[in-house]
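What follows is the residue order along each chain.
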Amino acid sequence: MRYLQLCLLLVLSAPVLAHQWRVIGDEQFAPYSFSQNPDDTPLGLDVELVNAVLSEAGVEYKLRLYPWERVKQMLARGEVEMAFQFAGTPERKAQYNLVGPIRSGLTVFMTSHKTAIQDWHQLSDLSPYVIGQVRGYAYQSEFDQADLARDTSAQNPRQLVSMLLAGRIDIIVGDQAQLMHFVREQHAEQQVRILQQPLAEMPRYVAFAKGDEERAQQFAAALERLQSAGKLDAIYLRWGHRV
């Protein structure tokens, strides 16, 4: 009897397990996705947006955050169903089935008062300087392919900001709200400045594996319903993001 009960339990549990989405994001992408509680509960604007859309879609899911390189590897190996937050570059669109955008962000260059540059108009204006960027991040196609002096040793944006403040690099690139989040964390607002011309207004997407059309369409439909009804606006405003 106990054996039959165990078999029945396994049979009943199988569909539930099969339909649970494994969803992952970047653990060092504050204020968009991060964790700071003892229980590592995911927090952030993008986390709340993803939670809202998956709830609207009626999906059972488990959301966890990992280092960015691991996020990409897990999606590539089929260990998860969905990952976020991917820049909407042609390279990323060729790699993944992107859905969204769930939001956009302004990608900028930040420097310290020790560096002479005041602004830039073409990427060659940046050639005299060492530009810091996070290893594995995509920023903007032309910039990503430009012949510039780069330091890619930073593993996350927090470390990137620290390297700038320590004078190890001349300029850093990244999402404006995110870079300023980590600058304020170190009480260093007076030590940095953002170059006036942004690099790009970059849309951010969730990603599914190529060919996973069913899940992608399910998420896209739920996102469209919430965006059309303005039901995500409160989340954007709570995190200080323009609607």
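A closer look at the nonpolar core
- Met 82, Phe 109, Leu 126, Phe 143, Leu 199, Val 206 and Phe 219 are the most contacted members of the largest nonpolar core, which has 79 residues in total.
- When residues of this core are assigned to their parent elements, the largest contribution, seven residues, is made by helix α2 (residues 45-57).

Brief notes about the packing of aromatic side chains
- Counted under the stated rule, the structure contains 12 aromatic pairs.
- When the ring of Phe 109 is compared with that of Phe 143, the centres are 5.6 Å apart and the planes differ by 65°; the resulting orientation is edge-to-face. Of the two residues, Phe 109 sits in strand β6 (residues 97-112) while Phe 143 sits in helix α5 (residues 141-145), which places them 34 residues apart along the sequence.
- Using a relative accessible area of 0% as the deciding quantity, one classes Phe 109 as buried.
- A relative accessible area of 0% places Phe 143 in the buried class.
- These aromatic residues form a ring-pair network of at least three members: Phe 29, Tyr 32, Trp 68, Phe 86, Tyr 96, Phe 109, Trp 120, Tyr 137, Tyr 139 and Phe 143.
- In this structure, Arg 103 packs its charged tip against the face of Tyr 32, placed 3.5 Å from the ring centre.
- Across the ring face of Phe 143, the terminal group of Arg 150 is positioned such that the distance to the ring centre comes to 4.5 Å.

Some points on the pattern of salt bridges
- Applying the stated criterion across every chain yields a total of nine salt bridges.
- Here Arg 225 makes a salt bridge to Glu 56, at a shortest N to O gap of 2.8 Å. Taken together, the residues span a long stretch of sequence, with Arg 225 in helix α8 (residues 213-228) and Glu 56 in helix α2 at a distance of 169 residues.

Overview of the environment of Leu 106
- Following the sequence through the fold, Leu 106 ends up in strand β6.
- Sequence separation between Leu 106 and Pro 203 is 97 residues, and the spatial gap between their C-alpha atoms is 8.8 Å.
- Excluding residues that lie within four positions of it along the chain, Leu 106 makes contacts with Gly 174, Asp 175, Gln 176, Pro 198, Ala 200 and Glu 201.

So, how was this worked out
- Residues numbered from 1 in each chain as written.
- Predicted model: local features only at pLDDT ≥ 70, side-chain atom pairs only at ≥ 80, totals over all residues.
- Heavy atoms only, no water.
- Core = buried A, V, L, I, M, F, W, Y, C linked by side-chain atoms within 4.5 Å.
- Buried < 20%, exposed > 50% of the residue type's maximum accessible area, 1.4 Å probe, protein only.
- Helix = DSSP H or I, 4+ residues; strand = E, 2+ residues; numbered from the N terminus.
- Phe/Tyr/Trp six-rings, centres within 6.5 Å; stacked < 30°, edge-to-face > 60°.
- Lys NZ or Arg CZ within 6 Å of the ring centre and 35° of its normal.
- Salt bridge = Lys/Arg side-chain N within 4 Å of Asp/Glu carboxyl O.
- Contact = heavy atoms within 4.5 Å.

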